[in-house]
Amino acid sequence: MRLTDTMSGQALEVEPLRAGHIGLYVCGVTPYSASHIGHAMSAIVYDVLVRYLRWPGNRAGGYEVTYVSNYTDVDDKLIDRGAELGIDPLALANANIEQWEREQAALGLLPPDVRPRVSTEIPAIVALIERIIAHGHAYSTPAGNVYFRVQSKADYGKLSHRSIEQLRTGTRFEPGEDKEFALDFALWKAMKPGEPHWTSPWGEGRPGWHIECSAMSQRYLGDTFDIHGGGIDLVFPHHENEVAQSEAATGRPFARLWVHNGMVLRDGEKMSKSLGNFVTVEDALARWSADAIRVFALSSQYRTPNNLTDDALEAAGRAVDRLATALEAKSTAERGAPSVDASEARARFVEAMEDDLNTAQALAAMFELARAINRGRDEGMDIAAAQHALYELAWVLGLRLERESVTTAIDATALAEAASRFGVAAGAEAETVEALLARRAEARAARDFATGDAIRAALDGLGIEVKDTPQGAEWTVRG
């Protein structure tokens, strides 16, 4: 399997340090407020990566994966938000973590193998800082702060592809800072009144933002591990600083592959509370199914921005219906009937996933298999094995495939008449529409455009709008 590595800028083969095993660390949320849809989209990407790596159907035959994702429950934002609300910041973090874990379950996310929290990892963090100081890459100050000495690492900036000189442009010392150099960053912060604090060799205080992920990832995965993931917004400074401090402490490479997912936009704009376009996971799950959210997230390349619109989520819901309808189809095959062949669709799915986690093409392979199942049912073929294959591929993408309900009524009698006219077996409403669309696709493939147009016109007369896409026809019921 190849994944695009941010540091090299190339798609590299996943070559585990230990045969048959993958160590994956993904930066988790800072739980100062409810998690938003961007957190969900990122979590879905890495959930699917874990599922695929573990799946016996991948080209490696499946890996054992140790998946670690943290909670940053000690942070400036948490402290500020807690003070604003009059709540202990650790209690606030705990409440938001509990809500996010309920939402993760609702989204069908596999729980990480380890979910460390900064507040419970202080000894490991302090020990790592001591190692960095011992190697001359960090220094403590009389005020009780500890800073990483950026100029001690000649390759600082190699992840974000910027030099120290480029990064220092426009950077200045902030009032009250006791750094040697403006780019130096905090590993340990001296205690301030009202903040959570712990004992350290440098006095009472708390960790800086970046050091915690280095300490937690290396504690659970080793000094060097296979894959580090997170959002593209974390490349600099968070992940850049992780690389510098981790390699300064150990003298060894840190993560072998750096994978970053793109950001989520709302109607083409960056999501923000000030614009009023901020969508929490709770709000999203109240409006759309978990499967629809997943199909939306997986319908584009994981490294690109994903534009969240109502239309896109409604289309994703209809796509879920199409897949679910194929799984629900009842076989009419007689004993000895030929089976629908799922091997080509399965091979396309694997090829797509091996090629930089191309979930959009993997979904296209599943839609192809769904159409083959519907055709096979209409032709009296055995569809059981193909349905099992579709269900297996759905698991890899984390889809439960519970069919969305059609909320606007369709004239059932008229729909059945249309099905009869075009030689299609009538069933449930969504099933019948999908069967008519499959018949239309067959007619168009045979260049029988008159029949194809007649089916579309019949559906339009029933209030069903049809839109042709590269993945096949999509439909919706006019309100």
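From a predicted model like this one, the values you see are computed outputs, not experimental measurements.

Student: Before we move on, could you go through the pattern of salt bridges and cite the residues and values that matter?
Tutor: If charged atoms from side chains of opposite charge come close, those side chains can pair. Summed over all chains, the structure comprises 26 salt bridges. For R206, the salt bridge goes to E195, with nearest N and O atoms at 2.9 Å. Of this pair, R206 sits in strand β8 (residues 205-207) while E195 sits in the loop between β7 (185-190) and β8, placing them eleven residues apart in sequence. We note that R206, like E195, is buried. For D468, the salt bridge is made with R456, and the minimal N-O distance between the two is 3.2 Å. Taken together, the residues span a long stretch of sequence, with D468 in strand β14 (residues 464-469) and R456 in helix α16 (residues 449-461) at a distance of twelve residues. Several salt bridges converge on common partners, so that one network encompasses D76, K189, E195 and R206.

Student: Account for the nonpolar core, naming residues and giving values.
Tutor: Counting residues in each nonpolar core, the largest one holds 82 residues, and the members touching the most others are I37, F349 and M366. By residue number, the principal contributor to this core is helix α1 (residues 37-54), which donates twelve residues. Contacts of I37, omitting those with residues within four sequence positions, involve V264, M271, V279, T280, V281, A284, I293 and L308. Counting 42 residues, the second largest nonpolar core, distinct from the first, contains I122, I211, C213 and A248.

Student: Go over the sheet that holds strand β9 (residues 225-231) with me, naming the residues and quoting the values.
Tutor: Spatial strand order, β4-β3-β9-β10: four strands in an open sheet with parallel pairing. For this open sheet the edge positions go to β4 (64-69) and β10 (255-261), each flanked by a neighbour on one side alone. Ignoring strand direction, the axes of neighbouring strands in this sheet form an average angle of 20°. Pairing of β9 with β10, which is carried by six bridges, proceeds in the parallel orientation.

Student: Mind laying out empty space enclosed by the protein, listing which residues take part and the relevant values?
Tutor: It is a probe the size of a water molecule, rolled over the atoms, that shows where empty space is left. Inspection of the entire model under this criterion finds two cavities of 30 Å³ or more. M41, V45, G262, Y302 and N306 are, among the 13 residues lining the largest cavity, the residues nearest its centre. Residues of the lining of the largest cavity, tallied by class, amount to six nonpolar, seven polar and no charged. Of the volumes computed, that of the second largest cavity is approximately 40 Å³. In terms of lining residues, the second largest cavity is bounded by K153, D155, Y156, G157, K158, E240, V243, A244 and E247. In terms of residue class, the lining of the second largest cavity is built from three nonpolar, one polar and five charged.

Student: Explain the sheet that holds strand β12 (residues 269-270) to me, and be specific about the residues and the numbers.
Tutor: Sheet strands associate in pairs through backbone hydrogen bonding, adopting either a parallel or an antiparallel arrangement. In spatial order, the strands read β12-β11-β13; together these three strands make up an open sheet with mixed pairing. If you trace the sheet from one side to the other, it starts and ends with β12 and β13 (306-308), each paired once. Sheet topology note: the strand β11 (residues 264-266)/β13 ladder contains three bridges and is parallel. What sits directly across from R266, in β13, is L308.

Student: Account for the packing of aromatic side chains, with residues named and values stated.
Tutor: Under the definition given, this model contains seven aromatic pairs. Taken together, a centroid distance of 5.0 Å and an interplanar angle of 20° make the contact between F148 and F185 stacked. Of this pair, F148 sits in strand β6 (residues 146-148) while F185 sits in strand β7, and the two are 37 residues apart along the sequence. We classify F148 as buried; its relative accessible area is 0%. Taken together, a centroid distance of 5.9 Å and an interplanar angle of 55° make the contact between F254 and W258 tilted. Classification of F254 by relative accessible area gives buried; the value is 1%. Given a relative accessible area of 1%, W258 falls into the buried group. Put simply, the rings of Y52, W55 and F349 pair up and form one aromatic cluster. Geometry around Y302 places R303 over its ring, the cationic atom sitting 5.9 Å from the centre. Against the face of F367 rests R322, its NZ or CZ located 4.5 Å from the ring centre.

Student: Could you give me a rundown of helix α6 (residues 211-221), with the residues and numbers involved?
Tutor: Counted residue by residue, α6 has nine buried out of eleven residues, so it is predominantly covered. All of the buried residues along α6 are I211, E212, C213, S214, A215, M216, S217, Q218 and L221.

Student: An account of the packing of helix α11 (residues 343-354) against helix α13 (residues 384-396) is requested, with residue identities and associated values reported.
Tutor: Across the interface, α11 lies against α13 with an axial gap of 11 Å and an inter-helix angle of 15°. Between α11 and α13, the angle is such that the two are roughly parallel. Judged by the twist between their axes, the crossing of α11 over α13 is left-handed. Here R346, F349 and M353 of α11 come into contact with α13, specifically with E392, L393 and V396. A class-by-class count of the residues in the contact of α11 with α13 yields four nonpolar, no polar and two charged.

Student: How would you sum up the environment of I211? Please name residues and give values.
Tutor: Among the secondary structure elements, I211 is positioned in helix α6. Remark: the alpha-carbon pair of I211 and I125, spanning 86 residues in sequence, is separated by 6.8 Å. Setting aside anything within four residues of it in sequence, one finds I211 in contact with I125, L128, I129, I132, L187 and Q245.

Here is what the cut-offs are and how they apply
- Residues numbered from 1 in each chain as written.
- Predicted model: local features only at pLDDT ≥ 70, side-chain atom pairs only at ≥ 80, totals over all residues.
- Heavy atoms only, no water.
- Salt bridge = Lys/Arg side-chain N within 4 Å of Asp/Glu carboxyl O.
- Helix = DSSP H or I, 4+ residues; strand = E, 2+ residues; numbered from the N terminus.
- Buried < 20%, exposed > 50% of the residue type's maximum accessible area, 1.4 Å probe, protein only.
- Core = buried A, V, L, I, M, F, W, Y, C linked by side-chain atoms within 4.5 Å.
- Contact = heavy atoms within 4.5 Å.
- Pairing = 2+ DSSP bridges.
- Axes fitted to C-alpha atoms, helices over the stretch in contact; angles between N-to-C directions.
- 1 Å grid on protein atoms, 1.4 Å probe; cavity = no way out; pocket = protein on both sides within 12 Å on 5 of 7 lines; lining within 4 Å.
- Points joined across faces, edges and corners; volume = space filled by probe spheres on them.
- Nonpolar A, V, L, I, M, F, W, Y, C, P; charged D, E, K, R; others polar.
- Phe/Tyr/Trp six-rings, centres within 6.5 Å; stacked < 30°, edge-to-face > 60°.
- Lys NZ or Arg CZ within 6 Å of the ring centre and 35° of its normal.
- Parallel < 35°, antiparallel > 145°, perpendicular 65-115°, else oblique.
- Left-handed = near helix turned anticlockwise from the far one by under 90°.

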